[in-house]
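Topology and contacts: notes
One-letter residues, chain by chain:
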Amino acid sequence: MAEPGHSHHLSARGRGRTERRTPRLLRLLLWAGTAFQVTQGTGQELHACKESEYHYEYTACDSTGSRWRVAVPHTPGLCTSLPDPVKGTECSFSCNAGEFLDMKDQSCKPCAEGRYSLGTGIRFDEWDELPHGFASLSANMELDDSAAESTENCTSSKWVPRGDYIASNTDECTATLMYAVNLKQSGTVNFEYYYPDSSIIFEFFVQNDQCQPSADDSRWMKTTEKGWEFHSKGSSSCNVRPACTDKDYFYTHTACDANGETQLMYKWAMPKICSEDLEGAVKLPASGVKTRCPPCNPGFFKTSNSTCEPCPYGSYSNGSDCTRCPAGTEPAVGFEYKWWNTLPANMETTVLSGINFEYKGMTGWEVAGDHIYTAAGASDNDFMILTLVVPGFRPPQSLMADTENKEVARITFVFETICSVNCELYFMVGVNSRTNTPVETWKGSKGKQSYTYIIEENATTSFTWAFQRTVFHEASRKYTNDVAKIYSINVTNVMDGVASYCHPCALEASDVGSSCTSCPAGYYIDRDSGTCHSCPPNTILKAHQPYGVQACVPCGPGTKSNKIHSLCYNDCTFSRHTPARTFDYNFSALSNTVTLAGGPSFTSKGLKYFHHFTLSLCGNQGRKMSVCTDNVTDLRIPEGESGFSKSITAYVCQAVIIPTEVTGYKAGVSSQPVSLADRLIGVTTDMTLDGITSPAELFHPESLGIPDVIFFYRSNDVTQSCSSGRSTTIRVRCSPQKTVPGRLLLPGTCSDGTCDGCNFHFLWESAAACPLCSVADYHAIISSCVAGIQKTTYVWREPKLCSGGISLPEQRVTICKTIDFWLKVGISAGTCTAILLTVLTCYFWKKNQKLEYKYSKLVMNATLKDCDLPAADSCAIMEGEDVEDDLIFTSKKSLFGKIKSFTSKRTPDGFDSVPLKTSSGGPDMDP
């Protein structure tokens, strides 16, 4: 007899439509068709097992429906001589209600007075703990895609035993109570429940491999208006099978035969619940159409029987024949899957139930030549699972030497989703058999696109793709045509991988010739000579393509490379050049990590959370110092036990903080750590660098005339919305009034640090962000001379717009002369000057007398010429002549009178009037 596993699911869902939350109480009374086994036993003495030391059990039923009764000791090894096994009752045997099975003689006997039996059923009415067979699951079934909804942690939202009943959760999450049992015969399920609040969703359904949950209104529980009520669920009749449609089958390909051909095969989706005999039902398309097999995947070659085998190490292939790598080259090992005739040996597929999360023996993904796609599941909310396992990686030597660059390999896949409802494709990564961690999720239809994930740990790694057509419990296959397709998967640096090409390598001389070797960290390979050369200063090496000097990429402005040329960093210094002067900065005081929390945010249900940022600006030779942690797992682990928590290290990272009043834990919950800055691009005062822009209008303008110094960063995480990865800018602004470390600000218009989810911006105001002080930032004040001493004092210019740098010079004291001394000197000098002026006056007056005489002689000679007198031989005073002889003054005059008369000697007609006396002593001549 078939013994399918039946899962009974009791579910309560809160949609947040009202603030009133009444605990949903459920008392279960379950009669399930199961063989109720009552154990009895006999005992023996001495070394033989006593009756109290063993019990009877039935073995599993065989193919004929038979079983054996065996004695099983409570503690193995403590006694011997157990009763021999005897043939048991038929698997279909059961006792009636009011009877129990006596295992000693395997017969039904009536219950003692005051006791009862349900026969083939079982009853649960004590809820001190969750009984065996029950499971409680929780999830957030909200369809809101916003990040706020994802902050709700529903892990602890479960059904809780309360003694005489079991109660559902009281928060906003969805809690599911399930009971699984192997049914022996048909029966019913009855339970008593209390459900007074219609604002929540409460549903009950039964499902297994043959029973599907009912889609009618009977699955939705009615509110209890008069206290506790009973509910019974059972089917008195069978439903008519629906007609088969094209959604009930799928196609696949067979392995290649000896002729290199594959057959297209059509199969019914299992379990098959449709009927081909009804009117309008579709038939399964004919299988067996042969087509040529696609080529093998790169790195593989086709054998004589048309199977694909990996090429040996040192060779490569494009999917046909293997070719040895040329001299001076080595194979680029990895896995590249782009042809899907059969599933690769290191991949497997299965189906996970979306209700009880149990794995089913079904194929979730089917090969289809140039792609692999999701097959039809048992229901539309099943997860179609595809897993690829990689044993480890062999990264280049340059990568292993770089402790900061954690990339050891990368996986790239091309995919597509075609959906009519709310489908989801998950990509998860597991390391060393640990639980898979979701990396990325795509919702709805997505066009053909590529996604790359960087692997940072050299360990056995599993990559899992899970596709769910809808999150709702669907009773039938309505959305089989909603599929996910993967066209290619490429994993680099795989240990024991295959190669599709060979790349140049560094050559090392040996006795048997030259062989490939690894270049030291920071050295590139010359393609022509195969020798290693160091990258130029302030450049970094492309570790995955270290060929030629062009592989050395210059660092951005304001940065320099480390010793092994693996990253560019800033040593907390910066220089800004202007025509007038050079401004030097030193941000060492800002090199420690700082934290900043955004304003409180609330989910649609009113739960509060914060975005918490950790920043490290510079320094430490480029080693990232900010750490963000996911401590959700740690908080739920009992005290004294260890757990695994996820943490990331970056220049800037973000985590979601849920306060204690929301979580109920002693400490707040930190979850969803995200790196916002893995690489420093450059430091400059320009607003744009390498495609990253720091808009000045996001913050209040600076008012001191000193431009902000901007640090530009990029992250390695590439998401659906951030195809180029996230970027971060930190504006460092001089603010003399803000003492170290200063103040961090988020944009006023974007309280969570970003306006688009991809570009984050911060403003850091601090006195340590001001330029270093120089001689141009102070001036001298000279005091007056006091007691022969004069002081020179140096003070900063106001306002002071510098920090650190040079100090003010010491006060300078010099010897000086007092004002009395200089007064005496001034009087003496004035007296001497007056005497000198007097002497000069007298000298020039005397000189003037001589000039007057000369002028008189000149006038006289001119008069004689007019009267035809003999011309004078000379108008100058001859040697021996007395200048006083012929000059006649009519009267004695004072000095000023003479000057006045001299100035008035010119007549109105423009001639001078000079009194002359003739040599004969005659009367005066009229002019």
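Now for a description of the structure that goes with this document. (Residues numbered from 1 in each chain as written. Predicted model: local features only at pLDDT ≥ 70, side-chain atom pairs only at ≥ 80, totals over all residues. Heavy atoms only, no water.)

A surface patch of positive charge is lined by Lys846, Lys847, Lys850 and Lys854. Overall, Lys847 belongs to the partly exposed group, its relative accessible area being 40%. (Patch = residues over 30% accessible without salt bridge, like charges linked within 9 Å, V, L, I, M, F, W, Y side chains within 5 Å. Areas by Shrake-Rupley, 256 points an atom, 1.4 Å probe, with all protein chains shown as cover. Salt bridge = Lys/Arg side-chain N within 4 Å of Asp/Glu carboxyl O. Lys, Arg positive; Asp, Glu negative; His and termini not counted. Charge placed at Lys NZ, Arg CZ, Asp CG, Glu CD. Buried < 20%, exposed > 50% of the residue type's maximum accessible area, 1.4 Å probe, protein only.)

On to unusual backbone geometry, then. Note the cis peptide between Val740 and Pro741, where omega equals 5°. At the junction of Glu798 and Pro799, the peptide bond is cis and its omega measures out at -5° in the coordinates. Backbone geometry places Asn493, a non-glycine residue, at a positive phi of 55°. Note on placement: Asn493 falls in the loop between strand E33 (483–492) and strand E34 (498–504). The exposure class assigned to Asn493 is buried, which follows from its relative accessible area of 12%. Within the chain, Asp496 stands out as a residue other than glycine whose phi angle is a positive 60°. (Helix = DSSP H or I, 4+ residues; strand = E, 2+ residues; numbered from the N terminus.)

Bringing the pairing of strand E29 (residues 424–431) into the picture now. Here E29 lies mainly inside the structure; 8 of its 8 residues are buried. Of the two faces of E29, the one holding Glu424, Tyr426, Met428 and Gly430 and the one holding Leu425, Phe427, Val429 and Val431 are both buried throughout. The pairing of E29 with strand E30 (residues 437–443) spans 6 bridges and is antiparallel. Residue pairing in the sheet places Glu424 in a bridge with Lys443 of E30. In the sheet, E29 pairs with strand E32 (residues 461–468) via 8 bridges, with the strands oriented antiparallel. Bridging across to E32, Leu425 finds its partner in Phe467. (Pairing = 2+ DSSP bridges.)

What follows is about the sheet that holds strand E56 (residues 727–734). One open sheet holds the 5 strands; their spatial order is E52-E55-E56-E58-E57, and the pairing between them is mixed. Two strands in the sheet have a free side with no partner beyond their single neighbour: strand E52 (679–684) and strand E57 (743–745). For this sheet, the mean angle separating the axes of adjacent strands, direction not counted, is 20°. (Axes fitted to C-alpha atoms, helices over the stretch in contact; angles between N-to-C directions.)

Moving on, we get to the side chain of Ser715. Take Ser715: it is sitting in the loop between strand E55 (709–714) and E56. Excluding residues within four positions of it along the chain, Ser715 makes contact with Ser675, Leu676, Ala677, Asp678, Arg679, Gly725 and Arg726. (Contact = heavy atoms within 4.5 Å.)

Let's shift gears to the nonpolar core. Ranked by internal contacts, the top residues of the largest apolar core, which has 39 residues, are Trp365, Leu388, Phe427, Phe463, Trp465 and Ile489. Here Phe463 is in contact with Leu386, Thr387, Leu388, Val390, Phe393, Ile411, Phe427, Met428, Val429, Tyr453 and Ile455, once residues within four sequence places are set aside. Formed by 36 residues, the second largest nonpolar core is a distinct cluster that contains Cys572, Leu590, Tyr713 and Leu746. (Core = buried A, V, L, I, M, F, W, Y, C linked by side-chain atoms within 4.5 Å.)

A few words on the state of the cysteines. Under the defined criterion, the tally for this structure stands at 18 disulfides. The disulfide partner of Cys256 is Cys293, and the S-S distance across this bridge is 1.9 Å. Linking Cys256 and Cys293, the disulfide has an S-S dihedral of approximately -135° and is accordingly described as left-handed. Separated by 37 residues along the polypeptide, Cys256 in the loop between strand E15 (249–253) and strand E16 (261–268) and Cys293 in the loop between strand E17 (289–292) and strand E18 (300–302) bring together distant segments of the chain. Per residue, the accessibility class of Cys256 equals that of Cys293, and both read buried. Covalently, Cys785 is tied to Cys816 through a disulfide, its sulfur atoms 1.5 Å apart. Between Cys785 and Cys816, the S-S torsion sits near 95°, and that sign places the bridge as right-handed. Taken together, the residues Cys785 in the loop between strand E59 (778–782) and strand E60 (789–796) and Cys816 in the loop between strand E61 (812–815) and helix H4 (819–866) connect sequence positions 31 residues apart. The structure places no disulfide on Cys111, whose sulfur is separated from the nearest cysteine sulfur, that of Cys95, by 9.1 Å. (Disulfide = S-S within 2.5 Å.)

This part takes up the side chain of Ser766. Mapped onto the elements of the fold, Ser766 is located in strand E58 (residues 759–766). Judged by its relative accessible area of 0%, Ser766 falls in the buried class. Engagement of the side chain of Ser766 in a polar contact is seen with the backbone nitrogen of Ala768, the distance being 3.1 Å. Residues within four places of Ser766 in sequence aside, it is in contact with Leu590, Arg733, Cys734, Ser735, Lys738, Thr739, Val740, Pro741 and Gly742. (Polar contact = N/O pair within 3.5 Å; in protein donor to acceptor, adjacent residues only side chain to side chain.)

Scanning the model with the defined rule gives 38 aromatic pairs in all. An aromatic cluster of at least three residues, connected via ring pairs, comprises Phe413, Phe415, Phe427, Trp442, Tyr451, Tyr453, Phe463 and Trp465. In this structure, Arg67 is placed above the aromatic ring of Tyr58, and the distance from its NZ or CZ to the ring centre is 4.0 Å. Its guanidinium or amino end placed over the ring of Tyr487, Lys448 lies 4.1 Å from that ring's centre, counting from NZ or CZ. (Phe/Tyr/Trp six-rings, centres within 6.5 Å; stacked < 30°, edge-to-face > 60°. Lys NZ or Arg CZ within 6 Å of the ring centre and 35° of its normal.)

All right, on to the environment of Cys770 then. Take Cys770: it is sitting in the loop between E58 and E59. Of the residues examined, Cys770 reaches a relative accessible area of 1% and is grouped as buried. Separated by 33 residues in the primary sequence, Cys770 and Ser803 place their C-alpha atoms 5.5 Å from one another.

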